[in-house]
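Commentary on secondary and tertiary structure
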Amino acid sequence: MRWSDAEYVRLRDELAARGELKALNQTTFPGCYLYAPIQTMSRGLNT
Amino acid sequence: MHGYRGAGGSEQQLDAASRGQEPHAGAVSRLHARPYAVRRALLHGPDRLALCPVRVEITDSAYVVLNMALMTRMGRPALERIASEEVFVRGLHSTGDLNPARRFIMHFPEELSIQSFGSGYGGNALLGKKCHALRIASWQARDEGWLAEHMLLMGLQSRLAKCTMSPQPSLRLR
C-alpha cells in the first residue's frame, strides 16, 4: 500500500516512453524532465 | 456572483454542476474510463504532526501523481491517519478537454472537498496547493483557531550566506 520508489520510477518511465516526459541532458541535469502533454494540448487547442 | 478571478454560486448551482447537469460533467465519465485514474492518500507533512492535513485525491493524470509524490507523503501513513481521525479532504481532478468554457474549480469547505475539471495548471490540478493549503485550510484555520498562509520557496541561504535558487524551469524527478 505504501508508495514505493519502484512504483514511482515505473510511472515516470512510462510517461517518458510515451513522450509525455522528455528527459533533459542527464549529464548536465540529472533527473530533470520537461512535461509535454502532446495529446492533451492538441485537444485543448481544437476546442 | 462573478469576480475578476472566479465566480461564486449557490449550493444548488454547484451541486447541479458537479452532479452531471452541466456540460463539464462528461469529464467525470472520462475520469473513470481512462486508464490512469489514480487514487492516493497523501500527507502534507510529517505523519506525527497534528497540523499535518490529510487528503485523498483522485486524478486522471499520471503527471499529477508524480508531482504529488514529490510534495507529499503518500500511502500507509496517510491511510492510518484517516483511520484514526476520520477527517480528511477529498479531491477530485480531471484535465478533461481543457476547454475554458467547461473549466470548473469548485471548493466545498463545509464538506472539506474539492472538485477540479478542465485544467492541468498546477494550482488547479495539484489540489494540495492552492485549493487545499490555501482555500480549504483557511476555512479550517478559522474554525480551529490557527492561520493558514500560502508561500513560495524562492531559495535557500546557508550560514555562509550562499543563496541557492530553487529550480523552476523543469521538473526534477528523483
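Above this text you will find the structure in question.
Predicted model, so just to flag it, every value in this text is computed and none were measured.

Turning next to the overall build of chain A. What chain A contains, in helices and strands, is two helices and two strands. The helix and strand sequence of chain A, counted from the amino end, reads α-β-β-α. Expressed as a percentage of its 47 residues, the buried residues of chain A come to 32%. Accessible area for chain A stands at about 3100 Å²; split by element, carbon and sulfur atoms hold 59% of it.

Turning our attention to the overall build of chain B. Each helix and strand in chain B was counted, giving six helices and nine strands. Every one of the 174 residues in chain B was classed for burial, and the buried ones make up 43%. As displayed, chain B offers around 10500 Å² of accessible surface, 54% of which is attributable to carbon and sulfur atoms.

Taking 1.5 Å per residue as the helical rise, helix 1 (residues 5-17) of chain A with its 13 residues ought to reach 18 Å, and the 18 Å between its terminal C-alpha atoms agrees with that figure. Listed as buried for helix 1 of chain A are Y8, L11, R12 and L15 of chain A. Here the buried residues of helix 1 of chain A occupy an arc of 100° about the axis, which is enough to place them on one side. Counted as exposed and oriented over 90 degrees from the buried face of helix 1 of chain A: A6 and A17 of chain A. Lining the buried residues of helix 1 of chain A we find strand 1 (21-23) and strand 2 (32-35) of chain A together with helix 3 (62-71) of chain B. Backbone geometry just downstream of helix 1 of chain A places G19 of chain A in the positive-phi region, at approximately 85°.

This part covers the pairing of strand 5 (residues 104-108) of chain B. Residues and elements named next belong to chain B. Pairing between strand 5 and strand 6 (residues 113-117): five bridges, direction antiparallel. Within the sheet, the bridge partner assigned to F104 lies in strand 6 and is F117. Hairpin geometry of strand 5 and strand 6 is characterised by an intervening segment of four residues between the two adjacent antiparallel strands and by a positive phi of about 55° at L112.

With that settled, the discussion passes to the pattern of salt bridges. Residues and elements named next belong to chain A. Under the criterion given, the structure shown has eight salt bridges over all chains. Ionic pairing is found between R10 and E14, a salt bridge with its closest N-O pair at 2.9 Å. Of this pair, R10 and E14 both sit in helix 1, four residues apart, which is roughly one turn of the helix. Looking at E14, the relative accessible area reads 23%, which means it is partly exposed. One salt bridge in this structure joins R18 and E20, with 2.7 Å as the shortest N-O distance. Where salt bridges share partners, they join R10, E14, R18 and E20 into one cluster.

Another aspect to go through is the packing of aromatic side chains. One pass over the structure, following the stated rule, counts one aromatic pair over all chains. Between Y35 of chain A and Y63 of chain B, the aromatic rings sit 3.4 Å apart at their centres with planes inclined by 0°, giving stacked as the arrangement. Of this pair, Y35 of chain A sits in strand 2 while Y63 of chain B sits in helix 3, each in a different chain. A relative accessible area of 16% places Y63 of chain B in the buried class. Just above the ring of F88 of chain B sits the side chain of R90 of chain B; from NZ or CZ to the centre is 4.2 Å. For R142 of chain B, the ring lying beneath its charged end belongs to W139 of chain B, and the centroid distance is 4.7 Å.

So, on to the pairing of strand 4 (residues 89-94) of chain B. Residue and element names in this part refer to chain B. The buried fraction of strand 4 is high, at five of six residues. With five bridges joining them, strand 2 (residues 54-59) and strand 4 adopt parallel strand pairing. Looking at strand 4, one finds that R55 is bridged to V89.

Rules and cut-offs
Residues numbered from 1 in each chain as written. Chains lettered and ligands numbered in written order. Predicted model: local features only at pLDDT ≥ 70, side-chain atom pairs only at ≥ 80, totals over all residues. Heavy atoms only, no water. Helix = DSSP H or I, 4+ residues; strand = E, 2+ residues; numbered from the N terminus. Buried < 20%, exposed > 50% of the residue type's maximum accessible area, 1.4 Å probe, protein only. Areas by Shrake-Rupley, 256 points an atom, 1.4 Å probe, with all protein chains shown as cover. Expected span 1.5 Å × (residues − 1). Arc of directions from axis to C-beta. Contact = heavy atoms within 4.5 Å. Pairing = 2+ DSSP bridges. Salt bridge = Lys/Arg side-chain N within 4 Å of Asp/Glu carboxyl O. Phe/Tyr/Trp six-rings, centres within 6.5 Å; stacked < 30°, edge-to-face > 60°. Lys NZ or Arg CZ within 6 Å of the ring centre and 35° of its normal.

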